[in-house]
Amino acid sequence: MSSIKEYFSEIGSGLKSLVTGMAVTGKELVTPKITECYPENRATLKIADRFRAELTLKYDEQGRHKCIGCGICQMNCPNGTIQLVTKMVELPDGKKKRKLDKYMYDLGSCTFCMLCVTTCPQDALEFSNDFEQATFTRGSLLKQLNYRPEPAEDLSAPAPKPAMDPEQLAKIKAAALAKAAKIKAEKEAAAKAAQSANAATTDAASAKPEDDNKEK
């Protein structure tokens, strides 16, 4: 009797699992499909804005980026994906400034951790969602991000500052001359006082031996 009960119990468990599986299958049959027919739907395919595909520089309407070549993104990259090459340029006022020459980015070794974007002090970097980056060679994954030609800079001399009011300039000059005269007078008075003190000390020292001789 026990063997017969176990037999029918196992049949019931099998039928129950079969019904459960068929219920899941039937539910999936009526669920809307989300499979993308790529690349046939390339023109209408929408990728999420948060998808990270490739590191890029932010450019404004004039074609300028905000990267100053500080190297913080290169230092924070965990596997050496970013390499910066900088150069020194001379400004119209004669000062020198560091400027970005080449921004090299290896997409093949990027882990998309976004440390470069979050730590950039100039907010000059972002990840695009252009996922079509497949190539036949790893060398083609090495990209120069500042590939756009830079707009010509205005190297003309800066505009001169407006001249100061003549009356105000005269007052400042008079105050400076008065201060210099006061300092000079104080120095001369101090020198005369020191000279008088030295002379008095010398006279006292020379008079003391004569007094000693008189006492003897």
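Just above sits the structure.
**Topic: unusual backbone geometry**
1) Next: For the bond running from Tyr38 to Pro39, omega is 5°, close enough to zero to count as cis.
2) Next: Structurally, the position occupied by Pro39 is in the loop between helix H1 (2–30) and strand S1 (54–57).
3) Next: Here Met114, not a glycine, exhibits a phi torsion of approximately 75°, which is positive.
4) Next: Relative to the helices and strands, Met114 resides in the loop between strand S3 (96–106) and helix H3 (115–119).
5) Next: Look at Met114 and you get partly exposed, because its relative accessible area is 25%.
6) Next: Unusually for a residue other than glycine, Asp123 sits at a positive phi of about 55°.

**Some points on the environment of Arg52**
1) Next: With respect to the secondary-structure elements, Arg52 resides in the loop between H1 and S1.
2) Next: On the basis of relative accessible area, Arg52 is assigned to the partly exposed category, the value being 36%.
3) Next: Along the sequence, Arg52 and Met114 sit 62 residues apart, while their C-alpha atoms lie 8.6 Å from each other.
4) Next: Apart from residues lying up to four places away in sequence, Arg52 is in contact with Phe112, Cys113, Met114, Phe127 and Ser128.
5) Next: Looking at Arg52, its side chain comes within polar contact range of the main-chain oxygen of Phe112, at 2.7 Å.

Calculation rules
Positions within a chain are numbered from 1, following the residues in the order the chain's sequence is written. Owing to the predicted nature of the model, reporting of local features is limited to residues with pLDDT of at least 70; listing and counting of side-chain atom pairs is limited to 80 or more, with chain, interface and lining totals taken over all residues. By convention in this description, side-chain values take in all heavy atoms of the structure and omit both hydrogens and water. Helix numbers and strand numbers start at the N terminus; a helix is a DSSP run of H or I with at least 4 residues, a strand a run of E with at least 2. Under the scheme applied here, a residue whose accessible area is under 20% of the maximum for its type counts as buried, over 50% as exposed, and between as partly exposed, the area being computed with a 1.4 Å probe on protein chains only. It only takes one pair of heavy atoms within 4.5 Å for two residues to be counted as in contact. N or O atoms closer than or at 3.5 Å make up a polar contact, with two conditions inside protein: a donor-capable atom paired with an acceptor-capable one, and, for residues adjacent in sequence, both atoms drawn from side chains.

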